[in-house]
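Working through the structure, step by step
As a plain string of letters, each chain reads:
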Amino acid sequence: MPEISLDGVRFAYGAGVDVFPDPGLTLALSGGAVALVGENGAGKTTLTKLLNGLLRPAAGRVTVAGAEVAKMSVARMARVVGYAFQNPDDQLFERSVKAEVAFGPRALGRKPEEGERGVGLALEACGLAGKEDVHPHDLGLSERKWVAIASALAAEPPVVVLDEPTLGQDYSSRQRLVALVSSLVAAESLVLVVTHDMDFVGEACATTVVLSQGRVLHAGPTRAAFEAEATVREAGLELPHVTALARAAGLGPCVDEAGFLKLARVRGRR
């Protein structure tokens, strides 16, 4: 499984405000679905852009799937990290859905048959089959998000970053997202989900990293993150609705709907 390592990483934007102040950010992740959560300005998106070389650290070392990012170009890192931006309009520029999704594999020099396979799988996984010839900007926000996600998946990178993937999604689309993340994990990808949607975290991500002001408050199982309510509050977050409801009902800890229903059935048999 792909691994990510950040060791003593420091970064500041032009104003000179440190995102990851001294002694820097140190974090190691290996495989699975990982949620990156925290208040606005906590460093979530900065962290992910350090992984693909869009940003470069002022100090420290970033390694992704065995590649030291400082020694790699952004183009080379695109083979390793697929990135779906929060705002899909920031990355959509082709005149059809298929051309958009196929751009990555083509730019990376994939063989035509490999590119076609990756594009076909991405379109199918993202519910875009049959919409290949539609102009991306003729689609609604929800489907434009799916085009951006498909574009991130088409080159079959070992690491996938989904920035606020549930934005604009209805219930059925959210469930498709949960299934997509699960399938990527089954294929041994490392999926990083940047989000404020704690309900989705509970449903889709086994591991959670809680960031606050560039510091790691928690890095480990999602259940443990939500059991430490003080940590969640310190990061400016709310518990998932099912977690809060289970506590109010005295049912015990849970992070998703399935866990809540299981606890409720156990109580009902008493």
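Up top is the structure.
Residues numbered from 1 in each chain as written. Predicted model: local features only at pLDDT ≥ 70, side-chain atom pairs only at ≥ 80, totals over all residues. Heavy atoms only, no water.

**A word on the overall build of the protein chain**
Regarding its fold elements, the protein chain presents 11 helices and 10 strands. Viewed in the frame of its principal axes, the protein chain has a C-alpha envelope of about 60 × 45 × 30 Å. In the protein chain, buried positions account for 48% of the 270 residues. For the protein chain, restricting intrachain contacts to residue pairs at least 6 apart in sequence, the fraction spanning at least 24 positions comes to 62%. Carbon and sulfur atoms provide 52% of the accessible area of the protein chain, an area that totals close to 12500 Å². (Helix = DSSP H or I, 4+ residues; strand = E, 2+ residues; numbered from the N terminus. Buried < 20%, exposed > 50% of the residue type's maximum accessible area, 1.4 Å probe, protein only. Contact = heavy atoms within 4.5 Å. Areas by Shrake-Rupley, 256 points an atom, 1.4 Å probe, with all protein chains shown as cover.)

**A closer look at the environment of L25**
Inspection of the secondary structure assignment puts L25 in strand β2 (residues 25–30). Setting aside chain neighbours within four positions, we find L25 in contact with L6, D7, G8, V9, F20, L47, L211, G214 and V216.

**Digging into unusual backbone geometry**
With an omega of 10°, the peptide bond running from D22 to P23 counts as cis. Tracing the sequence through the fold places P23 in the loop between β1 (3–10) and β2. Non-glycine residue E156 carries a positive phi angle of around 55°. Among the secondary structure elements, E156 is positioned in the loop between α5 (141–153) and β7 (159–163). With a relative accessible area of 37%, E156 lands in the partly exposed category. Look at E164: it is not a glycine, yet its phi comes out positive at around 50°. By the element assignment, E164 lies in the loop between β7 and α6 (171–186). The class for E164 is buried, based on a relative accessible area of 12%.

**Side note on the sheet that holds strand β3 (residues 32–37)**
Overall, mixed pairing links the six strands, which are arranged β6-β7-β8-β3-β9-β10 in an open sheet. The open sheet has two free edges, formed respectively by β6 (81–84) and β10 (215–221), since each of these has just one partner strand. Going from strand to strand, the sheet's axes swing by 15° on average, the running direction of each strand aside. As judged from the five bridges shared by β7 and strand β8 (residues 190–194), these two strands associate in the parallel manner. For L162, the partnering residue across the bridge sits in β8 and is V193. (Pairing = 2+ DSSP bridges. Axes fitted to C-alpha atoms, helices over the stretch in contact; angles between N-to-C directions.)

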